[in-house]
Amino acid sequence: MIIVKDLHKSFEDNQVLKGVNYHIHPGEKIVVVGPSGSGKSTTASLIPRFYDAQAGSIKIGGVDIRSIAHPDLMKMVAFVFQDPKLFKDSLFENIRAGRPSATREEVMRAAHLAQCDDILAKFPKGIDTVVGSKGVYLSGGETQRIAIARAILKDAPIIVLDEATAYADPENEQQIQQAFEGLTKGKTVIMIAHRLSTVQDADQILVMRQGELVESGRHNELVKKNGEYARMWENYTKTTQWHIGNEVKVR
Ligand code: ADP
Ligand code: MG
């Protein structure tokens, strides 16, 4: 169980989190939604301790994460953030970084589960292609899939996912959704969603506004409540209908 208690986080005089509380049972999938700048990514970044909060605490299995040794915390949490960077080495090594003791077969399987087969097929050297070398270009969505493969290989019990804000194309988005499924199966998941396309099956939706958690619950409960989330959902369904009406590919 992850217990998040009264988190306060400021960057200089910008108060980004103003007392955030939530908890996640093992195996639950939590989705965080809210406008840009509301503190979603900050909330997620505190779990792997990219930085610490000024006040409040996060406990995993009853233990404050500040008293868990860094390598142990890293074993518990896999994360994929919005704009992952790859290092200048082969795709193989970029994925294997998730678990350095993994075999080539395990690396290939993680790549497959993360929907990377078409990326590998683009290059004559496949998974041994060196990133950043001549003629090797990966889009943001492709880079995120490689990062997902790395996280799959790591096989940590807790997954923190920050969806990219924009994908170049809907096809990439669909592949990323499938890759997410490969990653999150059977895990405890906290996912920052920028679109509402994947929230309906979440165990808990946290709605953030200006550094505060304003609503939480399941999709149906929140729609019934007719508050902030219901408005977001209405907007979301309106835009998808608008797309349908204009024969734009529906996501
Ligand atoms: P969201 O993910 O909901 O869009 P963020 O958590 O990324 O929101 O950001 C919330 C606020 O915190 C924004 O005003 C942003 O500029 C600020 N912020 C986030 N990270 C940093 C940082 N490392 N340094 C300074 N300000 C930051
Ligand atoms: Mg964000």
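Reading the values: the criteria
Residues numbered from 1 in each chain as written. Chains lettered and ligands numbered in written order. Predicted model: local features only at pLDDT ≥ 70, side-chain atom pairs only at ≥ 80, totals over all residues. Heavy atoms only, no water. Helix = DSSP H or I, 4+ residues; strand = E, 2+ residues; numbered from the N terminus. Near = heavy atom within 4 Å. Polar contact = N/O pair within 3.5 Å; in protein donor to acceptor, adjacent residues only side chain to side chain. Areas by Shrake-Rupley, 256 points an atom, 1.4 Å probe, with all protein chains shown as cover. Nonpolar A, V, L, I, M, F, W, Y, C, P; charged D, E, K, R; others polar. Pairing = 2+ DSSP bridges. Axes fitted to C-alpha atoms, helices over the stretch in contact; angles between N-to-C directions. Parallel < 35°, antiparallel > 145°, perpendicular 65-115°, else oblique. Contact = heavy atoms within 4.5 Å. Left-handed = near helix turned anticlockwise from the far one by under 90°. Core = buried A, V, L, I, M, F, W, Y, C linked by side-chain atoms within 4.5 Å. Buried < 20%, exposed > 50% of the residue type's maximum accessible area, 1.4 Å probe, protein only.

S.K.: Can you tell me about the environment of Asn-235, naming the residues and giving the values?
M.R.: Relative to the helices and strands, Asn-235 is located in helix α9 (residues 228-245). The spatial distance from the C-alpha of Asn-235 to the C-alpha of Gly-217 is 19 Å, given a sequence separation of 18 residues.

S.K.: Break down the site of ligand 1 for me, citing the residues and quoting the values.
M.R.: Contacts to ligand 1 come from Phe-11, Asn-14, Val-16, Pro-35, Ser-36, Gly-37, Ser-38, Gly-39, Lys-40, Ser-41 and Thr-42. The separation between an oxygen atom of ligand 1 and a polar main-chain atom of Gly-39 is 3.1 Å. One nitrogen or oxygen atom from the side chain of Ser-41 is found 2.8 Å from an oxygen atom belonging to ligand 1. For ligand 1, whose unbound accessible area comes to 560 Å², protein coverage reaches 60%. Per-element accounting of the shell around ligand 1 gives the leading share, three residues, to helix α1 (residues 40-45). Residue composition of the shell around ligand 1, grouped by class: three nonpolar, seven polar and one charged.

S.K.: Tell me about the sheet that holds strand β5 (residues 63-64), residues and numbers included.
M.R.: The strand order across the open sheet built from four strands is β2-β1-β4-β5, with neighbouring strands paired in antiparallel fashion. Strands at the two margins of the open sheet, each flanked by one partner only, are β2 (14-24) and β5. With two bridges joining them, strand β4 (residues 55-60) and β5 adopt antiparallel strand pairing. Paired with Lys-59 across the bridge in β5 is Asp-64.

S.K.: Before we move on, can you summarise unusual backbone geometry with the specific residues and values?
M.R.: With phi around 55°, Glu-12 is a residue other than glycine that occupies positive phi space. Residue Arg-49 is not a glycine yet carries a positive backbone phi of 60°. Assignment of secondary structure puts Arg-49 in the loop between α1 and β4.

S.K.: Explain the pairing of β4 to me, using residue names and the numbers behind them.
M.R.: In terms of strand pairing, strand β1 (residues 2-11) meets β4 through five bridges, oriented antiparallel. Considered in β4, the bridge of Val-4 is made with Ile-58. What sits between β4 and β5 in their antiparallel hairpin is a turn of two residues, with Gly-61 showing a positive phi close to 55°.

S.K.: I'd like to hear about the packing of helix α6 (residues 140-154) against helix α7 (residues 170-184), residue by residue, with values.
M.R.: Closest axis-to-axis distance for the α6/α7 pair is 10 Å, and the angle between their directions is 5°. In terms of axis orientation, α6 runs roughly parallel to α7. Across the interface between the two elements, Gly-141, Glu-142, Gln-144, Arg-145, Ile-148, Ala-151 and Ile-152 from α6 touch Asn-172, Gln-175, Ile-176, Ala-179, Phe-180, Gly-182 and Leu-183 from α7.

S.K.: Describe the packing of helix α4 (residues 104-113) against α6, with residues and values.
M.R.: Running from N to C, α4 and α6 point in directions that differ by 125°, and their axes come no closer than 8 Å. Taken together, α4 and α6 sit at an angle that is classed as oblique. Classified by chirality, the crossing of α6 by α4 is right-handed. Between α4, through Glu-106, Val-107, Ala-110, Ala-111 and Leu-113, and α6, the contact on the second element is made entirely by Ala-149, Ile-152 and Leu-153. Of the residues belonging to the contact of α4 with α6, the class tally is seven nonpolar, no polar and one charged.

S.K.: Break down the nonpolar core for me, with residues and values.
M.R.: Leu-91, Ile-95, Ile-127, Ile-146, Ile-148 and Leu-183 are the most contacted members of the largest nonpolar core, which totals 35 residues. Counting only elements with at least two residues in this core, the list comes to β6 (77-80), α3 (91-96), α4, α5 (117-121), α6, β7 (158-162), α7 and β8 (188-192). With seven residues, the single largest contributor to this core is α6. Discounting chain neighbours no more than four positions away, the residues touching Ile-148 are Val-80, Ala-114, Ile-176, Ala-179, Phe-180 and Leu-183. If you look at the next biggest cluster of nonpolar residues, it comprises 28 residues, including Leu-7, Ile-68, Met-74 and Val-160.

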